[in-house]
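Residues per chain, in single letters:
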Amino acid sequence: MGQPELQAWEVFRQEKEGDPMRHGGSVMAPDAELAVHYAREMFGRRQESVRLWVVRRADVHDLSDPDLLQPPLDRSFKKPGGYVMRDKLAAARERSGRPKPRGTAR
Amino acid sequence: MTIGADLVPATRNALSLLLLAMADDEFVIGFSDSEWTGIAPMLEEDVAMSSLAQDELGHAQALYRLLAEVVDDGRDADAIAYDRPPEGYYHARLLDHPRGDWADTIARRYLYDTADAIRLDALAASSFEPLRDLVGKIRREERYHLMHVTAWLERLGGSPGEPRDRLVAALGRLAPDAASVLAPLPNELSLVMAGVIEGGADELDARWRSKIGPVLGRLELPMPPALADPATARTGHSDAFRSLWGEFNAVRRSEPGVTW
């Protein structure tokens, strides 16, 4: 029997409770159990993570087709840039007579 | 005031030897395993084994510090750790074996970590509070060590051909000395009576065997035999240890007394 095949595993980490899971990097391992151990060593041994997700890279659905993601026609009208809300919002507040909310307290 | 001053002298001496045994065990396996740094079978494992080795040195440092306070003879943790001749070390004979190949390292770690876990369990409710507190922290790290080494034992043991052959050969070399970790310490009865440790050596040995039995059985690997010579379980060290000793205190010996 030869060496077990090494595979790539993608590691996502959460820095503190409530944070989103962010991609940290990847490890090579022959199976999920060792992949989790190695993820712990690479991305958690200095207490920098409260949670790790380890996903086999082959299980990730990849989309990088430029026809789908970078179509050649002008799509600037789909972007919110150029549409300044601030003045319209201020005018609407003026009309309603309600002050600008401060923080979350009501 | 000296820590543990309220203990009767016999118990304090026995406690000192227990701390010395535990600290030297962690120190020696930590240094031994750190020899894999840079040459482990794969990069991820290199980082993992180096990190485990560092953990063991951290445990050794904490145990030496506690020992220094109990002994209270002016020596600090570093002095105890480094300034002894090889004959003065009190680690288990299992750790006298050279690092060997990867299978030797995994076999030794498995036999040591499982025995160490039993010893830590028996100290988790120790009447000696500073040790109880420290053991609580050490146990949390050792949990991972056990998971890691068991995963490797299963992979080597469960892969016919070279991996399994090498593991079986390593166990053949190491198993006769495996029970040295839990061999009786001088005056251990006073520790049991004072509630410092829960259970004597025979009891701990039985617990250890009932823990590893199912794992080794499932992998069809032999159980370690009873220790042939318990009286020398922690003395009369090997040439392999003497050469490790020359490595780990080379820097300290190069300029005695300086602060690094």
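Residues numbered from 1 in each chain as written. Chains lettered and ligands numbered in written order. Predicted model: local features only at pLDDT ≥ 70, side-chain atom pairs only at ≥ 80, totals over all residues.

A. A look at the sheet that holds strand β3 (residues 51-56) of chain A. Residue and element names in this part refer to chain A. Read from one edge of the open sheet, three strands run β2-β1-β3, paired in antiparallel fashion. Strand pairing shows two members of the sheet lacking a second neighbour, β2 (22-29) and β3, which therefore form its edges. When the angles between neighbouring strand axes are averaged without regard to direction, this sheet yields 30°. Summarising the sheet, strand β1 (residues 7-14) and β2 pair through seven bridges and their orientation is antiparallel. Residue pairing for β2: Arg13 is matched across the bridge by Arg22. Running at roughly 125° to β2, helix α1 (residues 32-43) makes contact with β1, β2 and β3 of the sheet. (Pairing = 2+ DSSP bridges. Helix = DSSP H or I, 4+ residues; strand = E, 2+ residues; numbered from the N terminus. Axes fitted to C-alpha atoms, helices over the stretch in contact; angles between N-to-C directions. Contact = placed C-beta atoms within 7 Å.)

B. Structural context of the environment of Ala62 of chain B. Within the secondary structure layout, Ala62 of chain B lies in helix α2 (residues 43-71). Along the primary structure Ala62 of chain B and Met147 of chain B are separated by 85 residues, whereas in three dimensions their C-alpha atoms are 23 Å apart.

C. Focus on unusual backbone geometry. Residue and element names in this part refer to chain B. Located in the positive-phi region is Asp72, a residue other than glycine, with phi close to 50°. Take Asp72: it is sitting in the loop between α2 and α3 (77-82). Despite not being glycine, Glu220 shows a phi value in the positive range, around 55°. As for its position among the elements, Glu220 is in the loop between α8 (201-218) and α9 (239-248). A count of 10 C-beta atoms within 10 Å places Glu220 in the exposed class. (Buried ≥ 20, exposed ≤ 12 C-beta atoms within 10 Å, placed from the backbone.)

Geometric values such as these leave the question of function open.
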